[in-house]
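Here are the chains, one letter per residue:
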Amino acid sequence: MLETDRLILRQWQASDRQPFADLNADPDVTEFFPAPFSATQSDEGIQRYQDGISQRGWGFWAVERKQQGDFIGFVGMQPIPDILPVEPGVEIGWRLAKHSWRQGYASEAAKACLQFAFVKLDLPQIFSFTAVANAPSQAVMHKIGMRNMQQNFINPKVPQGHPLAEHVLYKITVEQWQSHIKS
Ligand SMILES: CC(C)(COP(=O)(O)OP(=O)(O)OC[C@H]1O[C@@H](n2cnc3c(N)ncnc32)[C@H](O)[C@@H]1OP(=O)(O)O)[C@@H](O)C(=O)NCCC(=O)NCCS
């Protein structure tokens, strides 16, 4: 479990299923995915994230606001899936409910993840990627000090020729992170 000023990043629990299904069914949340996720896909996601956290001790954590005590989505890290044409490593990612956007939550949680990755896990670098058009996600990457590698790639999980298939690749090394948090 990680804690920030306003948030708790924790293992998933049964009460997250409905609000996670709701946000995955929101077409604004999935604007940069080929389609919204069904309730079944949403539950399968929770299972994968839960298993990842149980096995490794870290992963895509459920995010809860301390003051309100509510679940708002996930932020966390996972090994980059083998299917992607990216060098092996760990990615950081996020998906939050619309009502919680633009309040600094994604970047607050992501900064805690980078701290965990570089200090506790001793990782040399962290990657992130998203559809070229996903400006909000890239804004979070910039905010936490990540850099565009200028190595766009086609995500094979997106149907071939789909406008969202081309992805940007961002990275931050431990050295870049150390100078970013000092600045
Ligand atoms: C991407 C997402 C997690 C951002 O969450 P958030 O909590 O609103 O982000 P933050 O409030 O921490 O904002 C971080 C920076 O991004 C900027 N930003 C956030 N949303 C933005 C938007 N829609 N357009 C432009 N900039 C945006 C913020 O202004 C902030 O920069 P600043 O402090 O310099 O102003 C959220 O929009 C989301 O869940 N989107 C849908 C899921 C998704 O696309 N996930 C990524 C898939 S790879």
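Structure's up top.
Residues numbered from 1 in each chain as written. Predicted model: local features only at pLDDT ≥ 70, side-chain atom pairs only at ≥ 80, totals over all residues.

Visitor: Describe unusual backbone geometry, naming the residues involved and giving the relevant values.
Guide: At Arg102, a residue that is not glycine, the phi angle is positive and equals roughly 60 degrees. Tracing the sequence through the fold places Arg102 in the loop between strand E5 (90-96) and helix H3 (105-120). A tally of 9 C-beta atoms within 10 Å means that Arg102 is categorised as exposed. In the Ramachandran plot, Asp122 falls in the positive-phi region, its phi being about 60 degrees despite a non-glycine side chain. Considering the arrangement of structural elements, one finds Asp122 in the loop between H3 and strand E6 (125-131). On the basis of neighbour counts, which here come to 8 C-beta atoms within 10 Å, the residue Asp122 falls in the exposed class. (Helix = DSSP H or I, 4+ residues; strand = E, 2+ residues; numbered from the N terminus. Buried ≥ 20, exposed ≤ 12 C-beta atoms within 10 Å, placed from the backbone.)

Visitor: Quick rundown of helix H2 (residues 39-56)? Include the residues and the values.
Guide: End to end, H2 covers 26 Å across 18 residues, agreeing with the expected 26 Å (1.5 Å per residue, within 8%). Packed against the buried residues of H2 are helix H1 (17-24), strand E3 (60-65) and strand E4 (71-79). One or two steps after H2, the chain reaches Gly57, where phi turns positive at roughly 90 degrees. (Expected span 1.5 Å × (residues − 1). Contact = placed C-beta atoms within 7 Å.)

Visitor: I'd like a description of the site of the ligand, backed by residues and values.
Guide: Taken together, 21 residues sit near the ligand, with Ala106, Ser107, Thr130, Pro136 and Ala139 positioned nearest. Elements with a minimum of two residues in the shell around the ligand: E5, H3 and helix H4 (135-143). The dominant element in the shell around the ligand, judged by the number of residues it contributes, is H4, at 6 residues. Here the shell around the ligand is composed, by residue class, of 11 nonpolar, 7 polar and 3 charged. (Near = placed C-beta within 6 Å. Nonpolar A, V, L, I, M, F, W, Y, C, P; charged D, E, K, R; others polar.)

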